[in-house]
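Tertiary structure, described
Spelled out, the chains give:
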Amino acid sequence: MVSRVTDDYEAMVTAGCRAVCEPAFWAGYDRSGVQGFYDYFCQLTDYEPKRAAKFGLPHFTWLCINPKESEDVKLADEVLSIIPHFLSRENVLGIGEIGLNKNTRNELKVLEQHIDLAARHDQMILVHTPHLEDKRKGTRLILDALKADSRIKPERVIIDHVEEHTIQMVLDEGFWAGITLYPESKTTPPRAIDMFEVYGGQRVWLNSACDWGRSDPLAVPKTAIEMRRRGHSEETIDALIHGNPVRFLSQNPRFTVR
Amino acid sequence: MTRQQVLDLYFMDARSKLIDIAAFLDRVDRASGDADFRLKAFRQALTELQKDEAIRAKGVLDSLSDPTAEPIEKAPGKGAVGAWPGSH
């Protein structure tokens with residue numbers, strides 16, 4: 001996790017986490033050129049797996065140019081051209097986190113290019129949905145873009161950061177829905193469990209954010225504690241927080257957990 | 001869970017957040033100058049809490065969301081502010 005200290009890996013292992021899946025995302029600033037992405041992809045596929053392995057934590061990753069930098073279509077073209085070079089790295093799960101940020105035409109164009117890249121290379125997809133007031137509209141635009149490409153299998157795509165106003169449309173279209181746990185924005189553990197109880201857990205998974213801002217790498221294990229407080233069985237908890245991500249990610253044979 | 005169990009688990013947390021909202025609105029009232037569109041959007045979202053159906057969280061999120069359907073030409077910036085400046 002490029003934005004976190006090594007202690008976070010140790011804490012995750014201590015809390016029972018079995019693997020970490022890190023999407024390519026914004027660095028907190030715009031990279032100045034394609035070489036910055038090349039170095040970043042090397043970090044994600046070489047250095048970070050070794051750092052996590054020191055604590056026995058398998059590290060997997062997703063590659064893309066993130067939506068916050070997709071407004072620059074020339075840069076996006078250059079980054080898209082180097083991604084295939086990294087797809088054969090052993091910890092790469094697919095293309096992500098792609099999606100939209102402010103729902104612009106350029107972002108949408110780059111999203112469609114990523115979808116095409118994933119289809120041509122038979123890659124799974126992790127999708128970032130926009131923040132706050134932009135989420136509902138952006139989620140609809142993303143779903144439409146994915147459904148417009150007949151090569152894309154919804155069961156191999158997870159739409160992340162769903163909330164109460166977007167989860168239904170994601171599940172209705174046959175995709176997996178990711179609920180991202182944050183202390184302030186996105187979803188708290190009680191709300192995540194509410195959504196699980198209302199919409200079911202067939203194609204839902206929970207994930208912790210390990211961001212530059214306030215976020216908690218242990219949010220998933222803490223949500224397990226919250227589920228116990230509500231009286232959910234150990235079997236139900238395990239199916240949601242461990243079984244579901246394993247079931248989704250195992251569609252890529254590279255993904256294994258001990 | 002029974003309603004009693006839900007109250008036992010979550011009432012104090014919800015009470016605390018409710019008072020925080022009340023104190024926030026008081027703070028805004030005491031402050032000087034004009035408020036931007038977010039205050040109106042916030043007050044509008046609060047009306048969702050009075051509805052009878054158990055879809056209030058969705059209602060609040062919808063109320064604060066951009067209701068348009070077409071992509072915009074250019075990003076005004078990278079961030080989001082939590083409310084849509086237009087009228088629903």
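Rules and cut-offs
- Every chain begins its residue count from 1, and numbering advances along the sequence as written.
- A letter from A marks each chain and a number from 1 marks each ligand, given out in the order of writing.
- Totals for whole chains, interfaces and linings use every residue, but because this is a predicted model, local features are given only for residues with pLDDT of at least 70 and side-chain atom pairs only at 80 or more, for both listing and counting.
- Helix and strand labels come from DSSP, where a helix needs a run of H or I of at least four residues and a strand needs a run of E of at least two; each type is numbered from the N terminus.
- Partly exposed residues are those whose C-beta has more than 12 but fewer than 20 other C-beta atoms within 10 Å; with 20 or more the residue is buried, with 12 or fewer it is exposed, and the C-beta atoms are placed from the backbone.
- pLDDT is a per-residue confidence score from the predictor, ranging from 0 to 100.
- Residues are treated as contacting if the C-beta atoms built from their backbones sit within 7 Å of each other.
- Throughout, the ten residues Ala, Val, Leu, Ile, Met, Phe, Trp, Tyr, Cys and Pro are labelled nonpolar, Asp, Glu, Lys and Arg are labelled charged, and all others, Gly among them, are labelled polar.
- Strands are treated as partners if at least two bridges between them are detected by DSSP.
- Think of each axis as a best-fit line through the C-alpha atoms, taken over the contacting stretch in the case of a helix, with angles from 0 to 180 degrees between the N-to-C directions.
- An automatic or database domain assignment provides the domain bounds reported here.
- Reported orientations rely on four angle classes, namely roughly parallel under 35 degrees, roughly antiparallel over 145, roughly perpendicular from 65 to 115, and oblique for the rest.
- Should the near helix be turned anticlockwise from the far one by less than a right angle, the crossing is termed left-handed; should it be turned clockwise, right-handed.
- Viewed with both strands pointing away, a crossover whose connecting path from the first strand over the helix to the second turns clockwise is right-handed.
- Here the expected length of a helix is defined as 1.5 Å per residue gap, with one fewer gap than residues.

**With respect to the environment of Pro253(A)**
Residue and element names in this part refer to chain A. Along the chain, Pro-253 falls in the segment after α9 (234-249). The exposure class assigned to Pro-253 is exposed, which follows from the 6 C-beta atoms found within 10 Å. Pro-253 sits 160 residues away from Leu-93 along the chain, and the two C-alpha atoms are 9.0 Å apart.

**What to know about the confidence of the model for chain B**
Looking at chain B, pLDDT values average 97 and 100% of them are 70 or higher. Prediction confidence for the complex, expressed as pTM and ipTM, is 0.97 and 0.96 respectively.

**Notes on the interface of chain B and chain A**
Taken residue by residue, the interface counts 24 residues in chain B and 25 residues in chain A. Those elements that provide at least two residues to the side of chain B that touches chain A are α1 (3-30) and α3 (56-63) of chain B. Per element, the largest residue contribution to the side of chain B that touches chain A is four residues, and it comes from α3(B). The residue inventory of the side of chain B that touches chain A, partitioned by class, reads 15 nonpolar, three polar and six charged.

**So, the sheet that holds strand β6 (residues 176-181) of chain A**
Residues and elements named next belong to chain A. If you walk across this open sheet you meet the seven strands as β1-β2-β3-β4-β5-β6-β7, and the pairing is parallel. Where the open sheet ends on each side, the last strands, each with one partner, are β1 (20-23) and β7 (204-208). Averaged over all adjacent pairs, the angle separating strand axes in this sheet is 30 degrees, with direction ignored. Bridge count for β6 against β7 is five bridges, and the pairing is parallel. The residue of β7 that forms the bridge with Gly-178 is Trp-205.

**Some thoughts on the domain arrangement of chain B**
What the domain assignment reports for chain B is domain 1 (1-33) and domain 2 (34-65). For domain 1 of chain B and domain 2 of chain B, the distance between their C-alpha centroids amounts to 15 Å.

**Points about the packing of helix α2 (residues 34-53) of chain A against helix α3 (residues 73-86) of chain A**
Residue and element names in this part refer to chain A. Orientation of α2 relative to α3, taken along the N-to-C sense of each, is 30 degrees, at an axis distance of 9 Å. It follows that α2 is roughly parallel to α3 by the angle criterion. Our pair here, α2 against α3, has a crossing hand that is right-handed. Across the interface between the two elements, Val-34, Phe-37, Tyr-38, Phe-41 and Thr-45 of α2 pack against Leu-75, Glu-78, Val-79, Ile-82 and Phe-86 of α3. Of the residues assigned to the contact of α2 with α3, the class counts are eight nonpolar, one polar and one charged.

**A closer look at the pairing of β7(A)**
Residues and elements named next belong to chain A. Within β7, five of the five residues are buried, which leaves it mostly tucked inside the rest of the structure. Every second residue of β7 is oriented toward a common face, with Val-204, Leu-206 and Ser-208 on one face and Trp-205 and Asn-207 on the other, all of them buried. Taken together, β6, helix α7 (residues 189-199) and β7 form a β-α-β motif whose crossover is right-handed.

**Comments concerning helix α4 (residues 105-120) of chain A**
Residue and element names in this part refer to chain A. Counted at 1.5 Å a residue, the expected span for α4 with its 16 residues is 22 Å, and the 23 Å between its end C-alpha atoms agrees. Of all the residues in α4, the buried ones are Glu-107, Leu-108, Val-110, Leu-111, His-114, Ile-115, Leu-117 and Ala-118. Buried residues belonging to α4 abut α3, β3 (92-99), β4 (124-128) and α5 (135-147). Positive phi shows up at Asp-122, right after α4, with a value of about 50 degrees.

**Things to note about unusual backbone geometry**
Residue and element names in this part refer to chain A. Across the junction of Gly-96 and Glu-97, the peptide omega takes the value -5 degrees, indicating a cis bond. Looking at the secondary structure, you find Glu-97 in strand β3. The phi angle at Asn-103 is positive, at roughly 65 degrees, despite the residue not being glycine. As for its placement among the helices and strands, Asn-103 is situated in the loop between β3 and α4.

**What to know about the pairing of β4(A)**
All names here are of chain A. Most of β4 sits inside the fold, with five of its five residues counted as buried. The side-chain alternation of β4 yields two buried faces, one formed by Met-124, Leu-126 and His-128 and the other by Ile-125 and Val-127. With four bridges joining them, β3 and β4 adopt parallel strand pairing. Note on β4: the bridge partner recorded for Ile-95 is Ile-125. In terms of handedness, the path from β3 via α4 over to β4 forms a crossover that is right-handed.

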